[in-house]
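# Commentary on secondary and tertiary structure
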Amino acid sequence: MIALGCDHGGFELKQEIIKHLESRGIPYEDFGTYDNASTDYPVYARKVAAAVVDGKCEKGILVCGTGIGISIAANKVKGIRCALCTDCFMAEATRLHNDANVLALGGRVVGVGLALKIVDTFLDTPFSNDERHIRRIKGIED
Ligand code: RB5
């Protein structure tokens with residue numbers, strides 16, 4: 001189960017991500033926002049982060065205008081490793097090295113085609129399980 005959230009700046013891209021997940025048969029829960037009305041990204045960052053930390057969802061995807069505010073907010077939640085990615089290299093590396101559990105995207109930064117490739121890379125790349133990366137991730141939490 002993938003937790004989805006966005007503000008108004010990420011609403012259109014989140015809707016494209018929903019269509020994409022449906023086409024791949026990947027289950028998701030949409031925590032809003034549900035329209036283009038101006039709203040505050042920390043609300044949705046917290047909802048998605050809570051769903052991931054509680055184990056209700058295995059990963060999350062957050063979208064705001066830049067991806068910056070919503071990723072900063074998500075990373076305030078203990079246990080969340082939210083990675084703002086603008087290309088597939090970053091998405092692959094953050095899964096392999098950081099075991100990122102939330103992806104952040106900027107709806108005003110990346111086009112839909114690239115964003116969906118980033119989503120696929122993020123969802124399809126396993127954590128490396130390398131000892132050095134496990135040690136560094138533990139260092140984040142401590
Ligand atoms: C909203 O205008 C915008 O500030 C927000 O979507 C995001 O880009 C914040 O980091």
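Here, every reference points to the structure presented above.
Overview of the structure. (Residues numbered from 1 in each chain as written. Predicted model: local features only at pLDDT ≥ 70, side-chain atom pairs only at ≥ 80, totals over all residues. Heavy atoms only, no water.)

## Thoughts on the site of the ligand
- Taken together, the neighbourhood of the ligand is formed by Asp 7, His 8, Tyr 41, Cys 64, Gly 65, Thr 66, Gly 69 and Arg 108.
- Interatomic distance of 2.7 Å between a backbone N/O atom of Gly 65 and an oxygen atom of the ligand.
- At a separation of 2.9 Å, an oxygen atom of the ligand approaches a polar backbone atom of Gly 69.
- Relative to its unbound accessible area of 290 Å², the ligand is 70% covered by the protein chains.
- Residue classes in the shell around the ligand are distributed as 2 nonpolar, 4 polar and 2 charged. (Near = heavy atom within 4 Å. Polar contact = N/O pair within 3.5 Å; in protein donor to acceptor, adjacent residues only side chain to side chain. Areas by Shrake-Rupley, 256 points an atom, 1.4 Å probe, with all protein chains shown as cover. Nonpolar A, V, L, I, M, F, W, Y, C, P; charged D, E, K, R; others polar.)

## Section: the side chain of Arg 95
- Residue placement: Arg 95 occurs in helix H4 (residues 88-98).
- Here the side chain of Arg 95 touches Asp 99 through a polar contact of 2.8 Å, side chain to side chain.
- Filtering out sequence-adjacent residues up to four positions away, Arg 95 remains in contact with Lys 59, Ala 100, Phe 122, Thr 125, Pro 126, Phe 127 and Ser 128. (Helix = DSSP H or I, 4+ residues; strand = E, 2+ residues; numbered from the N terminus. Contact = heavy atoms within 4.5 Å.)

## Section: the packing of aromatic side chains
- This model, assessed by the stated rule, comprises 0 aromatic pairs.
- When the ring centre of Phe 122 is taken as origin, the NZ or CZ atom of Arg 95, which lies over that ring, is 5.9 Å away. (Phe/Tyr/Trp six-rings, centres within 6.5 Å; stacked < 30°, edge-to-face > 60°. Lys NZ or Arg CZ within 6 Å of the ring centre and 35° of its normal.)

## Brief notes about the sheet that holds strand E2 (residues 28-30)
- Read across the sheet, 5 strands follow the order E2-E1-E3-E5-E4 without closing on themselves; strand pairing throughout is parallel. Each end of this open sheet is capped by a strand with a single partner; those strands are E2 and strand E4 (82-84). Averaged over neighbouring strand pairs, the angle between their axes works out to 20 degrees when direction is ignored.
- Bridging between strand E1 (residues 2-6) and strand E3 (residues 59-64) involves 5 bridges; their strand directions are parallel. When the sheet's bridge partners are listed, Leu 4 is paired in E3 with Ile 61.
- Across the sheet, helix H2 (residues 41-53) lies against E1, E3 and strand E5 (102-106), angled at about 175 degrees from E3, the strand it touches most.
- Contacting E1, E3 and E5, helix H5 (residues 112-124) crosses the sheet at an angle of about 170 degrees to E5. (Pairing = 2+ DSSP bridges. Axes fitted to C-alpha atoms, helices over the stretch in contact; angles between N-to-C directions.)

## Regarding the pairing of E5
- Extensive coverage of E5 is indicated by the burial of 5 of its 5 residues.
- Residues Val 102, Ala 104 and Gly 106 point to one face of E5 and Leu 103 and Leu 105 to the other, with burial holding for every one of them.
- Two strands pair when backbone bridges link them, and E3 and E5 are joined in this way by 5 bridges, in the parallel orientation. For Val 63, the partnering residue across the bridge sits in E5 and is Leu 105.
- Bridge count for E4 against E5 is 3 bridges, and the pairing is parallel. What sits directly across from Ala 83, in E5, is Leu 103.
- Between the parallel elements E4 and E5, the chain passes through H4 in a crossover that is right-handed. (Buried < 20%, exposed > 50% of the residue type's maximum accessible area, 1.4 Å probe, protein only. Right-handed = clockwise from strand over helix to strand, strands pointing away.)

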